[in-house]
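Listed here are the chains, written in short residue letters.
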Amino acid sequence: MLSVNQAQTLILDLVQPLKDTEIISLDVAAGRILAQPIISQLDFPYWDNSAMDGYAVKFKDVQGCTQTQPAILDIVAEIPAGQNPSISIQSGQTARIFTGAMLPAGADTIIMQENTQREGNRVKILSSPDQPKAYVRQRGDYYQAGNPLLKPGIAINAPEIAVLATAQCTQLTVYRRPKVVIFSTGDELIPPNQPLQPGQIIDSNQYALAAFVGSQGAISIPLGIVKDNKEALKKTIAQAIATGDIVLSTGGVSVGEYDYIEEILTELGGNIQIRSVAVTPGKPLTVATFSNGCLYFGIPGNPVSALVSCWRFVQPALKKLSGLEGNWHPIFIKARSRHDLPSKGARETYLWGQLLLVNGVYEFELAGGKHSSANLINLAQTNGLAVMPVGQTFLAAGEDVTVMQIDSLK
Ligand SMILES: Nc1nc2c(c(=O)[nH]1)N[C@H]1C(S)=C(S)[C@@H](COP(=O)(O)OP(=O)(O)OC[C@H]3O[C@@H](n4cnc5c(N)ncnc54)[C@H](O)[C@@H]3O)O[C@H]1N2
Ligand code: MOO
Ligand SMILES: [Mg+2]
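Values in this document were obtained by computation on a predicted structure and should not be read as measured data.

Rules used throughout
Residues numbered from 1 in each chain as written. Chains lettered and ligands numbered in written order. Predicted model: local features only at pLDDT ≥ 70, side-chain atom pairs only at ≥ 80, totals over all residues. Heavy atoms only, no water. Donors = N, O, S within 2.8 Å, 3.2 Å for Na, K, Ca; no water. Helix = DSSP H or I, 4+ residues; strand = E, 2+ residues; numbered from the N terminus. Near = heavy atom within 4 Å. Polar contact = N/O pair within 3.5 Å; in protein donor to acceptor, adjacent residues only side chain to side chain. Areas by Shrake-Rupley, 256 points an atom, 1.4 Å probe, with all protein chains shown as cover. Nonpolar A, V, L, I, M, F, W, Y, C, P; charged D, E, K, R; others polar. Buried < 20%, exposed > 50% of the residue type's maximum accessible area, 1.4 Å probe, protein only. Contact = heavy atoms within 4.5 Å.

Some words on the coordination of the magnesium ion (ligand 3)
Reference geometry at the metal: tetrahedral coordination by four donors gives ideal angles of 109.5 degrees; octahedral coordination by six donors gives 90 or 180 degrees.
Moving on, step 1. The magnesium ion (ligand 3) binds to the protein through Asp259 (OD) and Asp259 (OD); the donor distances cover 2.5 to 2.6 Å.
Moving on, step 2. Examined against the element boundaries, aspartate 259 turns out to sit in the loop between strand 17 (246-250) and helix 6 (261-267).

Next up, the structure:
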């Protein structure tokens, strides 16, 4: 049985980042991964402009002026934002100017309105900055045209959208979204909209996994519920492998009579890479590779095991697959446990609950109720998994515990 770290390393080694790209428009780019370097032909700021509502002056005209010895300048123009000033400021002159407006030729300094007193067509400058260029946002100060602006492999979110818009990148090349096929297996399963008969179980995994996949920016392709029937399973699995970059099936990976997944994967030419991991919940995880590049995760059917397997093992794989550069591993945070934490100690144990920031210190609130891999009820509101390493059977309330952060929202 592999340790969690061994399984994680192996899974990441099995994933090759997507090469396929598509061109999309900026307004639908949020959440996508950039696949091209972005270089702008525009400086930023595009031209010298004012950072304040005030007056554009020559520094040497106002240097040293005070309330009692103001500089008095003739107002020769008014420059609102958006205009290209035609005048050139001469000594003794100024232009009324507004925030974001382009500096007129001849001016090198902005005096903010609050430090002036207007008298008709003239203005008294009541204090002077120490240096020229005060309140001037200079052309190219933040970015010079032709330099790298954004690198491929980054996630596009609100800040990147702002940068792309200002660089006039209205069409951009991103990696295509990973395709993730999802299905549930089990004779006992029914969809949530059917009346429940004795012995049946409502298929929650399919919906939970689709939500998880969507939260990762991937496309989920649900294939429904498949009976514990070898022929039906083989047909669906073959279809899934031909369709998805990743396949997530739940159930049928333990040692029971109806647990067919591994056998069928092998019959279909799959290379079984992982049979089980020393983790709880989620021990009977099957991972297989196929010659077309598809990576198959046979995820245990217990609903908590299914989501924990996704968070711990599928999420890093999806990150790498998506073309995202950098660290694909989950984020682990040290937090003060609010409760005693029990563990059997034989496998790395994940206890679900809430990571809270209290007065600048992270705390872990263990979910109330039973910590059973079948108890999906107390999984609601989980945003962290406390990790108890192999060999540790107890952690006392008040002690620090490592908590894996679950970033289920993009
Ligand atoms: N003799 C042993 N039995 C089991 C072992 C073991 O080592 N020896 N491992 C246990 C562990 S741990 C897990 S986890 C489960 C894994 O089971 P399977 O992946 O084979 O899944 P099933 O047997 O099909 O179902 C298990 C459980 O989960 C419920 N389930 C399944 N699918 C769904 C779904 N889509 N939505 C909601 N709930 C689902 C199912 O009804 C079962 O209760 O095996 C243990 N057994
Ligand atoms: O390992 Mo199973 O996934 O605990 O219930
Ligand atoms: Mg089973």
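From this point, the discussion proceeds with the structure in view.
Some remarks on the site of ligand 1
Moving on, step 1. Residues in contact with ligand 1 amount to 21 residues; listed here are only the nearest, Glu188, Ile201, Asp203, Lys283 and Gly301.
Moving on, step 2. Within the side chain of asparagine 205, one N or O atom sits 3.3 Å away from a nitrogen atom of ligand 1.
Moving on, step 3. Between ligand 1 and the protein, one listed contact pairs an oxygen atom with a backbone N or O atom of asparagine 302 at 3.2 Å.
Moving on, step 4. Coverage of ligand 1 by the protein chains reaches 71% of its 870 Å² of free accessible surface.
Moving on, step 5. Looking at the shell around ligand 1 residue by residue, the classes come out as seven nonpolar, ten polar and four charged.

Digging into helix 4 (residues 205-215)
Moving on, step 1. Listed as buried for helix 4 are Asn205, Gln206, Leu209, Phe212, Val213 and Ser215.
Moving on, step 2. Buried residues belonging to helix 4 abut strand 13 (179-185), strand 16 (219-226), strand 17, strand 21 (295-299) and helix 7 (303-321).
Moving on, step 3. Remark: glycine 217 follows helix 4 within two positions and exhibits a positive phi of approximately 80 degrees.

A look at unusual backbone geometry
Moving on, step 1. Cis peptide bonds are those with omega within 30 degrees of zero, and the linkage from phenylalanine 44 to proline 45 qualifies with -10 degrees.
Moving on, step 2. Relative to the elements of secondary structure, proline 45 occurs in the loop between strand 2 (38-39) and strand 3 (49-50).
Moving on, step 3. The linkage connecting threonine 280 with the following residue, proline 281, adopts the cis geometry, with an omega of -5 degrees.
Moving on, step 4. With respect to the element layout, proline 281 can be found in the loop between strand 19 (279-280) and strand 20 (286-289).

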